[in-house]
Amino acid sequence: GLQPHSIDVADLDNDGALDLAIAARGDNAAAILLGNGDGTFGTVTGYPVGPGGPGGVGVTGPKNLALEYFDDDGYLDIVSANQDNGTAGVIISNGDGSFGPYTPYATSYGTHDVAVGDFNNDDRIDFITVPWENPPAPNLATLWLGDGDGRFSSPTTHAAGTSPHGIVAAHFDNDGNLDFATSAQGDSAAIVRAGNGNGTFAAPVIHEAKSGGLAHDIAMGDFDEDGDEDLVIAAETSDELSVFFGGPGTDFSTYTPYSVAEEPKGVAVGDLNNDGHRDLIATSVVAHYPDCDSGAEDPLTFLMGDGNGNFSPGGSINVGEAPFDAAVADFNGDGWNDLAAPSWCDDNVSIYLNLGTGGPIGSFSTESGVATAPDAPAAPTATTGDATATVNWSTPASDGGSAVLGYDLELEDLTTPGTTPFDVGLVLTKSVNSLTNGDSYRARVRASNAVGDGPWSAWSATFVPNGAPPSGTFVDDDSSIFEADIEWLAAEGITSGCNPPGNDRFCPDDNVTRGQMAAFLVRALDLTDGGTVDFVDDDSSIFESDIEKLAAAGITHGCNPPGNDRFCPEDNVTRGQMAAFLVRALDLTDRGTVDFIDDDNSIFESQIEKLAAAGITQGCNPPANDRFCPEDNVTRGQMAAFLRRAIG
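About the thresholds
- Here, residues in each chain are numbered from 1, in the same order as that chain's written sequence.
- Per-residue local features are limited, in this predicted model, to residues with pLDDT of at least 70; the limit for side-chain atom pairs, both in listing and counting, is 80 or more; totals at the level of whole chains, interfaces and linings are taken over all residues.
- The basis for every side-chain value is the complete set of non-hydrogen atoms in the structure, without hydrogens or water.
- Note on pairing: two strands pair once DSSP finds at least 2 bridges between them.
- Put simply, DSSP H or I for four residues or longer makes a helix, DSSP E for two residues or longer makes a strand, and each gets a number counted from the N terminus.
- Under this scheme, a helix contributes an axis fitted over its contacting stretch, all axes are lines through C-alpha atoms, and angles between N-to-C directions fall in the 0 to 180 degree range.
- One side-chain nitrogen of Lys or Arg within 4 Å of one carboxyl oxygen of Asp or Glu is enough to make a salt bridge.
- Burial classes follow relative accessibility: with a 1.4 Å probe on protein chains only, a residue under 20% of its type's maximum area counts as buried, one over 50% as exposed, and anything between as partly exposed.

Novice: Please provide a residue-by-residue account of the sheet that holds strand S29 (residues 388-392), values included.
Specialist: Read from one edge to the other, the open sheet built from three strands follows the order S28-S29-S32, with strand pairing classed as antiparallel. Two strands close off the open sheet at either side, each with one partner strand: strand S28 (381-385) and strand S32 (429-432). The sheet shows a mean angle of 15° between the axes of neighbouring strands, direction not considered. As defined by bridge partners, S29 adjoins S32 across four bridges and the pair is classed as antiparallel. Across the sheet, residue Thr390 finds its bridge partner in S32, namely Ser431.

Novice: Describe the pattern of salt bridges, with residues and values.
Specialist: Per the counting criterion, the structure on display carries 12 salt bridges. Among the ionic pairs, Arg446 bridges to Asp408, the shortest N-O distance being 3.1 Å. Separated by 38 residues along the polypeptide, Arg446 in strand S33 (residues 441-448) and Asp408 in strand S30 (residues 406-413) bring together distant segments of the chain. Given a relative accessible area of 21%, Arg446 falls into the partly exposed group. Note that Glu412 is salt-bridged to Arg442, the shortest N-O span being 2.8 Å. Here Glu412 is found in strand S30, whereas its partner Arg442 is found in strand S33, with 30 residues between them in sequence. Judged by relative accessible area, which is 25%, Arg442 ranks as partly exposed. What emerges from the salt-bridge pattern is a single network uniting Asp147, Asp149 and Arg151.

Novice: Tell me about the sheet that holds strand S20 (residues 254-259), and please be specific about residues and values.
Specialist: As summarised here, the arrangement of the four strands in space is S17-S18-S19-S20, forming an open sheet in which the pairing is antiparallel. The sheet is open, and its two borders are formed by strand S17 (215-221) and S20, each paired with just one other strand. Shown here is a sheet whose adjacent strand axes are inclined to one another by a mean of 20°, direction ignored.

This is the structure:
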């Protein structure tokens with residue numbers, strides 16, 4: 001999202017994988033990235049926490065989020081601290097990692113951070129916010145009490161120090177009542193207020209950072225492992241993390257500063273080297289904010305804890321530009337905590353996986369970023385057998401940053417149109433059976449990962465299953481009784497095939513149209529004269545030239561006597577019409593003695609008998625062959641036989 005400021009980690013959809021929730025100020029939204037469990041994340045989805053929408057800078061301006069179960073349904077909900085309109089925005093989970101519309105709650109101008117917990121001991125979750133801009137912010141925290149159904153009421157305000165910037169809530173004095181602590185910029189201090197258990201608090205206790213650095217962010221953890229929560233503040237103007245150790249009650253007077261990189265804005269807590277002790281991570285902006293220098297990087301500084309309250313330098317790594325926050329969690333489930341850092345200037349979040357070498361220097365991967373769906377694999381290849389094909393493919397060039405989980409295969413029959421899908425799992429080959437020998441097929445594949453399905457590959461080259469290797473020019477005439485005639489037709493250049501541009505098929509059982517017949521006869525007889533006949537219905541036909549040459553030779557007169565101004569190029573040719581075409585083309589005159597029993601009423605009876613006398617036809621019902629079937633359509637295979645007998 002635009003201007004990501006803070007980051008929180010939790011399982012938002014209850015699938016066992018950690019997800020990210022980011023306060024995206026420039027989008028006025030909580031930006032959600034659902035985890036895949038392998039250190040990668042799905043695409044970002046923004047859920048508004050106030051008015052303004054994407055790009056509406058200065059309208060709502062969420063700076064920080066807090067996650068809790070506001071309605072007790074078992075799914076984490078979100079509350080945002082909205083700096084630009086002085087509200088908190090509550091969005092309730094839908095139970096699948098998505099969230100409903102926001103409900104605003106008035107706080108105060110400059111609201112910057114929010115903490116959650118049960119402040120009045122009614123077993124319902126409340127939230128408390130702090131503003132930092134002063135004036136006009138009144139330096140007061142605003143507490144809203146929850147009703148357990150996701151709604152809040154009865155706001156009260158409480159002193160929180162001068163220009164409070166961050167807030168945390170915990171049982172600091174171990175009396176069973178929830179307390180809160182703030183990082184107060186104007187006081188250069190941690191301000192602690194003990195809870196009374198009824199939504200009110202004892203007087204503030206101020207713990208100053210001795211260096212006087214402006215207190216920006218605040219975090220907590222038991223750094224000396226004595227059972228009491230400790231506090232740490234990012235002191236941005238003194239370039240240090242100020243650690244305050246908890247003592248009796250709300251006493252945090254024991255203080256130790258630790259130097260970090262320039263201008264630390266945020267602080268995170270977690271065990272980076274798996275030694276069981278809490279470490280500290282400071283996020284610095286190194287003066288890039290707010291101008292944002294394109295291509296610049298800022299550091300995360302590590303301080304390694306020993307469990308006794310001491311920290312030693314652990315080096316640093318560079319991340320994106322202007323990281324205000326960081327999160328520590330095991331994103332890929334390998335038992336080692338990883339890092340996530342949003343970049344205000346780069347509008348993204350960077351993920352660094354822990355390599356488990358005990359560092360942290362040298363222990364984190366380069367930025368892994370947010371996963372996408374895999375690239376498309378290269379076009380597959382296929383080998384064929386008897387009614388079978390084996391399709392093979394390779395892995396995609398990129399898995400999108402998340403391991404490929406499987407492949408989908410789609411097989412298309414080009415002869416008998418239809419597609420068949422296959423979920424083939426995590427393999428790179430698939431044998432498909434029960435295909436139709438002689439049909440043309442093609443295949444494509446796509447890969448999927450935890451993010452989703454990638455794009456389809458390009459289609460494979462066309463392949464044709466056959467019981468035996470195809471012979472001759474065409475792959476689909478081996479079982480045809482007209483194979484020899486078809487191959488002769490191709491050898492004479494009278495046909496090229498039926499499936500341009502490949503033209504590896506003849507389609508022997510398809511019907512012949514009048515336009516196609518014109519082309520066959522023109523090529524067979526080598527007709528060249530276009531003549532002057534112009535039919536009104538062939539101007540858009542690819543066979544127009546052939547039709548006009550056929551008419552010029554007197555082989556056709558048209559299809560609509562007596563006008564005969566039309567040719568009907570898309571109509572199928574009947575066997576009777578074929579007889580007429582050939583008799584005229586070959587100038588046959590002898591009627592012979594053959595007498596078919598089914599042509600007496602045909603207008604083509606004379607032409608049929610002349611065709612039989614020339615030996616070009618024997619009939620349509622072998623072995624008797626006492627019928628010609630003059631009204632039947634002529635197939636391409638039959639036409640090949642007629643032409644071969646006529647001129648071959």
